[in-house]
Amino acid sequence: MMMDNGVITNNYDGVYRDGYMEQEEEWEREGLLDPAWEKQQKKTFTAWCNSHLRKAGTGIENIDEDFRNGLKLMLLLEVISGETLPKPDRGKMRFHKIANVNKALDFIASKGVKLVSIGAEEIVDGNLKMTLGMIWTIILRFAIQDISVEEMTAKEGLLLWCQRKTAPYKNVNVQNFHLSFKDGLAFCALIHRHRPDLIDYSKLSKDNPLENLNTAFDVAEKYLDIPRMLDPDDLQNTAMPDERAVMTYVSSYYHCFSGAQKAETAANRICKVLKVNQENERLMEEYERLASDLLEWIRRTMPWLNSRQTDNSLAGCQKKLEDYRTYRRKHKPPRVEQKAKLETNFNTLQTKLRLSNRPAYMPTEGKMVSDIAQAWKGLEIAEKAFEEWLLSEMMRLERLEYLAQKFKHKADIHEDWTRGKEEMLQSQDFRQCKLYDIKALKKKHEAFESDLAAHQDRVEQIAAIAQELNTLEYHEVGAVNARCQRICSQWDRLGALTQRRRLALDDAERLLEQIDLLHLEFAKRAAPFNNWLDGTREDLVDMFIVHTIEEISGLMDAHARFKATLGEADKEYQAIVNLVHQVESIVKQHQIPGGLENPYTTLTAHELNRKWSEVRQLVPQRDGTLAAELRKQQNNETLRRQFAEQANAVGPWIERQMDAVTAIGMGLQGSLEDQLRRLREYEAGVYAYKPHIEELERIHQAVQEGMIFENRYSQYTMETLRVGWEQLLTSINRTINEVENQILTRDSKGITHEQLNEFRASFNHFDKNRTGRLAPEELKSCLVSLGYSIGKDRQGELDFQRILAVVDPNNTGYVSFDAFLDFMTRESTDTDTAEQVIDSFRILAGDKPYITAEELRRELPPDQAEYCVARMPPYRAAGAPPGALDYMAFSTALYGETDL
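Residues numbered from 1 in each chain as written. Predicted model: local features only at pLDDT ≥ 70, side-chain atom pairs only at ≥ 80, totals over all residues. Heavy atoms only, no water.

1. Let's talk about the confidence of the model for the chain
Inference 1: The share of residues in the chain with pLDDT of 70 or more is 89%, and the mean pLDDT across the chain is 80.
Inference 2: Looking at the elements of the chain, mean pLDDT is at its lowest for helix H1 (residues 20-29), recorded as 48, and at its highest for helix H9 (residues 185-194), recorded as 91.
Inference 3: Contacts from residues 27-32, a stretch scored under 50 in pLDDT, to residues over four places away or in other chains number seven contacts.
Inference 4: pLDDT under 50 marks residues 511-515. Its contacts with residues more than four places away, or in other chains, come to 15 contacts. (pLDDT = per-residue confidence, 0-100. Helix = DSSP H or I, 4+ residues; strand = E, 2+ residues; numbered from the N terminus. Contact = heavy atoms within 4.5 Å.)

Written as structure tokens, this is what we have:
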């Protein structure tokens, strides 16, 4: 420690040396030496010496005369050092005086001070400058040297102490030990800061320096036992007061108030502890708020995802699918970020609690990280099930719409065919017919039976479609069932009526034998051809559903084969029409009344011609419909290939990034800073890659809108890619948080890079499965490999169980790297303890077992003082004054089980 003007250095920096005379000579050469300084030093040093000599019941009047024999000089040194010097010589001869002074100087030298240019002869001869230099050296060694503030020199430390203590006071700006104290306000501020009851600082004025100086000196002498070492008039009449005189007097203030300095140190320690505690409370409150908000959102979302209610229409189902897409694009991504932030805050909080020697934070019931992870997993399961249900529901409703249209079409054709059939079968027209008419009626009836049998398949198809609509829960199934029941009931009646009429015609047949062969031939050939025409028309307008090019190609091939049979059908048509022409020729030739009426069928050549023309018109229309569907399926195939191309690039990319992040998280690549830098680079790369995901989402939306439900070109689905993307983001954020916590632990605990690498290498060596955690036996082997002694006897097992209780307090059965690292570092580092905080509070309280709110507000910053007052329990011991607070219970609660 180097003191003012190079007068003295401590034994850490070099040898003590006296530069008093050299400094004086330098100031005199530069014209800076004020003759008044010697006068001020003489008064101040005399007062300082008397402040100590009075303890021995004596004093001095003239400093350059009273120390000449060395007796009072030796007595002064004994008083201020508390040690006994050699017995002085009592003679009055010059050599006796020199011997006594030399004994004093030798004692000073024994304290590590090397005096230069100051000898016993000068002191005995009454040399004032040498005497003042010697006393200044004694003051430096015994009054100023021990002053220490933030590892500064004694002078700098004393100046800094004055600056801190007077900082809040108006018109006080301490920059040195001469001009800054000239108006007396600095002295008054020092007294008021420590004893506000002695001086009313608000009544002091910078314009009254003599009054200020006298006030300070009088109060210090009367109440603080500090003698008047300075003269107010000298300070005012001198352009620049003597620095040594002011320092000597100010050092008396410092020693008087040294207890307050200890209180300030104690207050700083308490402020540090309370600040850490307040920050931890804020992080706890933020975690509780984020956890509650996220869990509440999941709770509100789950009923919607679990709902399976629709209006049973395709449009309503498509609307529900669009709502789900909106949820995945807009509502869920912010919650994914919120979940990652929640986990990051929780890990950071636990790390800070461990580093500050606080107990681990346990969230309120139902808000643990595991609870949130479980709720999130349930949400993802519900999302997957909801999307699968939506797609299957759309397929079901599309199938329902197709079946409903097909049912209506077939039912319309059937009802059109059966219209009037019951009346015809119930008719008794054959009663008035001739023989040939009866035979015609019978043949006609046989043709009807053939037609009826041909329509049996259509009725069965209608019933089968109605049954499928019931199975698929069609929303208008009641009307379908009613119409199907009417058709089936009518069909049963037609069967019964047909049987009854056939029996009647069989009875008449025995009487009538004539038959019209041409009409019969026409009826036989026209009926199946008509059925073929009806079936063909129905097939040509029949709706279809296909999902692949192969399926539409199959339909087009079948249509091509059908068109190849049109030539044979045209020949059959011409043959049937030729029969009609023959009938017309015969009727015209033989003038047969009513001969043009075919008694065997109701079909006419005109009707067949109409149906045949309609079939020829429907064929090219069917060609256009099939071609349009082929173009649609080709477009769907293009979408499949586009999605597969993107997915086959994105999927492996995500897997590679996951592997890289996992490798970094295992601590296998470089320092923690390198790992953090690489993780940041990966994080930036992942966010830069997001447009590929968005492009894939756009293609996937087009795929779903095209009703494409499978893709043979890729093993990846949009759902698996979404999950992989979210897992990649979560893994990067979690790994960054772990590395940051390791850096925080390393820096706060003073762990070297080599130690951290050794801990990580040992941990990874025994983490065979690369799970990032160790089982108890693996932990024991790891500790032994690091040199930790764990015996195989019962005591060794007890020691290991104690370690497990520290690194795995929740008995999970495994130990994470963070917990392992915290244990290894905590074994060799020191942290704040409850005992240290209690000792700090005891200093503030003046060794009392309690402390008052007034004392807390005086020594601590306002916010932390009020924090203590609000949380510190009352001190209830007998004789405690009102308002006394129990700082011991408060300090213990900071480091124990508490609600803080």
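2. What to know about the packing of aromatic side chains
Inference 1: Scanning the model with the defined rule gives 30 aromatic pairs in all.
Inference 2: Residues Trp417 and Trp491 carry aromatic rings whose centres are separated by 6.3 Å and whose planes lie at 40 degrees to one another, so their mutual orientation is tilted. Pair noted here: Trp417 is in helix H15 (residues 369-418) and Trp491 is in helix H19 (residues 477-509), with a separation of 74 residues, a long-range link.
Inference 3: On the basis of relative accessibility, which here comes to 9%, the residue Trp417 falls in the buried class.
Inference 4: Linked through ring pairs, Phe177, Phe181, Phe187, Phe217, Tyr249, Tyr253 and Phe257 together constitute an aromatic cluster. (Phe/Tyr/Trp six-rings, centres within 6.5 Å; stacked < 30°, edge-to-face > 60°. Buried < 20%, exposed > 50% of the residue type's maximum accessible area, 1.4 Å probe, protein only.)

3. A word on the packing of helix H8 (residues 154-166) against helix H12 (residues 243-256)
Inference 1: Two elements in contact, H8 and H12, have axes separated by 11 Å at closest approach and are oriented at 65 degrees. Along this stretch, H8 crosses H12, giving a crossing that reads as left-handed. Of H12, the residues touching H8 (which contributes Lys155, Leu158, Trp161 and Cys162) are Glu243, Met247, Val250, Ser251, Tyr253 and Tyr254.
Inference 2: When the residues that make up the contact of H8 with H12 are grouped by side-chain class, the tally is seven nonpolar, one polar and two charged. (Axes fitted to C-alpha atoms, helices over the stretch in contact; angles between N-to-C directions. Left-handed = near helix turned anticlockwise from the far one by under 90°. Nonpolar A, V, L, I, M, F, W, Y, C, P; charged D, E, K, R; others polar.)

4. A look at the nonpolar core
Inference 1: Ile135, Ile138, Phe181, Phe187 and Tyr253 are the most contacted members of the largest nonpolar core, which totals 78 residues.
Inference 2: At twelve residues, the largest contribution of residues to this core is made by helix H7 (residues 128-144).
Inference 3: Counting residues in each nonpolar core, the second largest holds 49 residues, with Ile743, Phe766, Leu779 and Leu783 among its members. (Core = buried A, V, L, I, M, F, W, Y, C linked by side-chain atoms within 4.5 Å.)

5. Details of the pattern of salt bridges
Inference 1: Tallying each qualifying case throughout the model produces 61 salt bridges.
Inference 2: Linking Glu726 and Lys332 is a salt bridge whose minimum nitrogen-to-oxygen distance equals 3.5 Å. Of this pair, Glu726 sits in helix H26 (residues 718-749) while Lys332 is found in helix H14 (residues 314-355), placing the two residues 394 residues apart along the sequence. In this pair, the class of Glu726 matches that of Lys332, namely buried.
Inference 3: Residue Glu614 is joined to Arg610 by a salt bridge in which the shortest nitrogen-to-oxygen separation is 3.9 Å. Of this pair, Glu614 and Arg610 both sit in helix H23 (residues 605-665), four residues apart, roughly one helical turn. (Salt bridge = Lys/Arg side-chain N within 4 Å of Asp/Glu carboxyl O.)

6. Regarding the packing of H9 against H12
Inference 1: The N-to-C vectors of H9 and H12 enclose an angle of 10 degrees; their axes lie 11 Å apart at closest approach. Viewed along their axes, H9 and H12 adopt a mutual orientation that is roughly parallel. Taken together, the residues of H12 that come into contact with H9 (itself represented by Phe187, Leu190 and Ile191) are Val246, Tyr249, Val250 and Tyr253.
Inference 2: For the contact of H9 with H12, the per-class residue count stands at seven nonpolar, no polar and no charged. (Parallel < 35°, antiparallel > 145°, perpendicular 65-115°, else oblique.)

7. Topic: helix H4 (residues 71-81)
Inference 1: Within the sequence span of H4, burial applies to Leu73, Met74, Leu76, Leu77 and Ile80. Along the long axis of H4, the arc covered by the buried residues comes to 155 degrees, so they all point the same way.
Inference 2: Among the residues trailing H4, Gly82 stands out with phi positive, at a value near 75 degrees. (Arc of directions from axis to C-beta.)

8. Focus: the environment of Thr771
Inference 1: Note on placement: Thr771 falls in the loop between helix H27 (753-766) and strand E1 (773-774).
Inference 2: Taking C-alpha positions, Thr771 is 9.9 Å from Thr662, a pair spaced 109 residues apart along the chain.

9. As for the state of the cysteines
Inference 1: In the structure shown here, the tally under the stated rule is zero disulfides.
Inference 2: Unpaired in terms of disulfides, Cys868 finds its nearest cysteine sulfur in Cys271, a separation of 8.0 Å. (Disulfide = S-S within 2.5 Å.)

10. What about unusual backbone geometry?
What is expected of a backbone is that most residues other than glycine have negative phi and most peptide bonds are trans.
Inference 1: At Asn171, a residue that is not glycine, the phi angle is positive and equals roughly 70 degrees.
Inference 2: In this fold, Asn171 is placed in the loop between H8 and H9.
Inference 3: For Asn171, a relative accessible area of 43% translates into the label partly exposed.
Inference 4: The phi dihedral of Asp225 is positive, around 60 degrees, even though this residue is not glycine.
Inference 5: Here Asp225 lies in the loop between helix H10 (209-223) and helix H11 (232-237).
Inference 6: The class for Asp225 is exposed, based on a relative accessible area of 53%.

11. Describing the environment of Met247
Inference 1: Mapped onto the elements of the fold, Met247 is located in helix H12.
Inference 2: The buried category is assigned to Met247, whose relative accessible area is 0%.
Inference 3: For the pair Met247 and Phe177, spaced 70 residues apart in sequence, the C-alpha separation works out to 6.2 Å.

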